[in-house]
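# Chain and residue survey
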Amino acid sequence: MVKSKELKPDVCYVGAIDWNRRLFDELVPLPDGTSYNSYLIKGSEKTALIDTVDLPMVDVLINNLTRLGIKNVDYVIANHAEQDHSGGLPQILKIYPEARVVATPKCKNMLMDLLAIPEDKFVTVKDRETLSLGNKTLEFIYAPWVHWPETMLTYLKEDKILFSCDLFGSHLASSDLYVRDEAMVYEAAKRYYAEIMMPFRTIIQKNLEKIKDLKVDIIAPSHGPMHNNPEFILNAYKHWVFDKLKNIVVVPYVSMHGSTKKMVDYFVGALIERDVTVKQFNLTNADIGKLAISLVDAATVVIGTSTVLTGAHPVVIYATYLVNALRPKLKFASVIGSYGWGSRAIEQLAGIISSLKLEILDTVLCKGVPKDEDFKSLDKLADSIVKKHKEAGCES
Ligand code: FEO
């Protein structure tokens, strides 16, 4: 059992650390596990639980509440309907039948759909509505699309704690209540942002604006350690969501017989000679999360592919689909690679990333092994990238 911990008087962490989970949504790698953070707030008149935990770990939450001697819960605040935070809700409502679920109207409907929670269990709240627990007051702040449409944040006014749901979180199993190793949490939070939040970057800009005047001592997200230095994570998010690009080229590739790899090796060398930072990923064994992190600041992606049945390699198609879905702030793209008798890989890959509205730079496809003219074309592509990055004002 995780030892329950106090953030401020009568505000306790009661969540669960999942040290062993290695995959989220059967897609997202979790190299460092995760946690499902739940918090108990005991006001002088009412008691509230902020979120629950993933269903397989609900016993940890129940044990933590039992250990604290909690006989009564008046409100369960559902900041987010996704099951890693709501999965334990039906059990909690069985143990505490008097509890009412406090949620946005959208979240209420989703919880009714996802978990069959009866409608009479809910109290819906408006944006900026407050709820008194006696000597403690909760304020509910709608923050849609971080990262579902129903999400809200809960602000505990007297203690200046912002319960931020997935926003500002990190998939990190840690015994630390608060961020202790900033470098480690920065990497985990950036991975989390890249995989979960980046598609909603422009909406997050608005949500950051909405909370900028809140006085916050602690940010308590629903995954990973809490932030008792909120500026650390707020500044990181400002960096990630706003539009500054870096002089970075991401090169994800697959090479079946070595020709595409020769091109990638040459091209990466050409970029390095030109002082461009390169993040290269052999997709046959790449950590997709690291690829996502690299896309947070990069200005350009150059996809390297072998040809399978006149199309791009299926693993490259999968990665390109992810790049498109993550909606990074990329500005430029190209495709390089090799084919045996014919290829429509360029049209195919450009079609997959069409919603990103990237400028497609010159592409380099060669028949068989790369020849002198192919290497010259790769040099030309590297020159073009340097020029485009300068024009776009990319930072080093
Ligand atoms: Fe951690 Fe969107 O759930």
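Computed from a prediction, not measured in an experiment: that's the story for all the values here.

### Description of the pattern of salt bridges
For side chains of opposite charge, pairing can occur when their charged atoms come near one another. All told, the structure shown has 18 salt bridges when counted by the stated rule. Between E195 and R191 there is a salt bridge, and its shortest N-O distance comes to 3.7 Å. Placement of the pair is E195 and R191 together in helix α5 (residues 182-197), with a separation of four residues, close to one helical turn. In this pair, the class of E195 matches that of R191, namely buried.

### Let's talk about empty space enclosed by the protein
The full count for this structure, using the stated rule, is four cavities of 30 Å³ or more. Quantified by volume, the largest cavity comes out at close to 100 Å³. What lines the largest cavity is a set of 14 residues, and nearest its centre among them are Y13, I17, S174, D176 and L177.

### Looking at the side chain of H223
With respect to the helices, strands and loops of the structure, H223 is situated in the loop between β16 (218-221) and α7 (230-241). Among the polar contacts made by the side chain of H223, one reaches the side chain of D166 at a distance of 3.3 Å. Ignoring any residue separated from it by four or fewer positions in sequence, one finds H223 in contact with T34, S35, Y36, N37, D84, H85, D166, G169, S170, H171 and Y192.

### Considerations on the sheet that holds strand β14 (residues 152-156)
Taking strand neighbours across the sheet as the criterion, the five strands line up as β12-β13-β14-β15-β16 in an open arrangement whose pairing is mixed. The open sheet has two edge strands with one neighbour each: β12 (130-132) and β16. The sheet shows a mean angle of 20 degrees between the axes of neighbouring strands, taken without regard to direction. In this structure, β12 lies alongside strand β13 (residues 137-142), joined through three bridges in antiparallel fashion. Residue pairing across strands places L131 opposite L138, the latter belonging to β13.

### Observations concerning the domain arrangement of the protein
Here the protein is described as being made up of domain 1 (5-242) and domain 2 (246-390). Computed from C-alpha atoms alone, the centre-to-centre distance between domain 1 and domain 2 is 38 Å. Facing the 15 residues of domain 1 at the interface are 16 residues of domain 2. For the pairing of domain 1 and domain 2, the buried interface totals around 1,300 Å² over both sides, and the portion due to carbon and sulfur atoms is 61%. Considering only the side of domain 1, the residues that lose the most area to domain 2 are K190, R191 and M198, jointly responsible for 37% of the buried surface there. Between the two partners, domain 1 and domain 2, sit two salt bridges. R191 is paired through a salt bridge with D287; the nearest N and O atoms lie 2.6 Å apart. One can count five residue pairs in polar contact (both at pLDDT 80 or more) joining domain 1 with domain 2. Those elements that place two or more of their residues in the side of domain 1 that touches domain 2 are α5 and α7. Of all the elements, α5 adds the most residues to the side of domain 1 that touches domain 2, at six residues. For the side of domain 1 that touches domain 2, the per-class residue count stands at nine nonpolar, one polar and five charged.

Calculation notes
Residues numbered from 1 in each chain as written. Predicted model: local features only at pLDDT ≥ 70, side-chain atom pairs only at ≥ 80, totals over all residues. Heavy atoms only, no water. Salt bridge = Lys/Arg side-chain N within 4 Å of Asp/Glu carboxyl O. Helix = DSSP H or I, 4+ residues; strand = E, 2+ residues; numbered from the N terminus. Buried < 20%, exposed > 50% of the residue type's maximum accessible area, 1.4 Å probe, protein only. 1 Å grid on protein atoms, 1.4 Å probe; cavity = no way out; pocket = protein on both sides within 12 Å on 5 of 7 lines; lining within 4 Å. Points joined across faces, edges and corners; volume = space filled by probe spheres on them. Polar contact = N/O pair within 3.5 Å; in protein donor to acceptor, adjacent residues only side chain to side chain. Contact = heavy atoms within 4.5 Å. Pairing = 2+ DSSP bridges. Axes fitted to C-alpha atoms, helices over the stretch in contact; angles between N-to-C directions. Domains from an automatic or database assignment. Buried area = accessible area lost by both parts, 1.4 Å probe. Nonpolar A, V, L, I, M, F, W, Y, C, P; charged D, E, K, R; others polar.

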